Amino acid sequence: MVSAARKRRFASPVFVCTPWKEIFENDAERTHSFDFACQDYAANISVYRAYGYDLVEVPQVCVEERARFVIKHVEERSLL
């Protein structure tokens, strides 16, 4: 897995969204708890950092503002 993680990299930056209690809900696809989501997030962040990814935290705002944030960040870095 380590070899694959080094060879098959995601494009950087990686946009990350912290678990957000106020909007978290379970459904048929998301059966795990909010606590599990927090643990999963922490594990993912740790691994991304260990492999040298540049992480950008998306703010906890409405969907439209999140989209604008990502688009602006991508445009500023000339990633399109």
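Note that the structure is a prediction, hence the values are computed from the model and not measured.

Notes on the overall build of the protein chain
And then number 1: Looking only at helices and strands, one finds 3 helices and 2 strands in the protein chain.
And then number 2: Along the protein chain, helices (α) and strands (β) appear in the sequence α-β-α-β-α when read from the amino end.
And then number 3: Whereas a compact globule of 80 residues would reach a radius of gyration of roughly 12 Å, the protein chain reaches 15 Å, over 25% beyond that.
And then number 4: Summarising its shape, the C-alpha atoms of the protein chain cover approximately 35 × 35 × 20 Å along the three principal directions.
And then number 5: Taken over 80 residues, the protein chain has a buried fraction of 19%.

Describing the confidence of the model for the protein chain
And then number 1: On average, the protein chain scores 90 in pLDDT, and the residues at 70 or more come to 98%.
And then number 2: Per-element confidence in the protein chain is highest for strand β2 (residues 55–57), whose mean pLDDT is 96, and lowest for helix α1 (residues 2–7), whose mean pLDDT is 78.

Procedures and definitions
- Residues numbered from 1 in each chain as written.
- Predicted model: local features only at pLDDT ≥ 70, side-chain atom pairs only at ≥ 80, totals over all residues.
- Heavy atoms only, no water.
- Helix = DSSP H or I, 4+ residues; strand = E, 2+ residues; numbered from the N terminus.
- Rg over C-alpha atoms; globule rule 2.2 N^0.38 Å.
- Buried < 20%, exposed > 50% of the residue type's maximum accessible area, 1.4 Å probe, protein only.
- pLDDT = per-residue confidence, 0-100.

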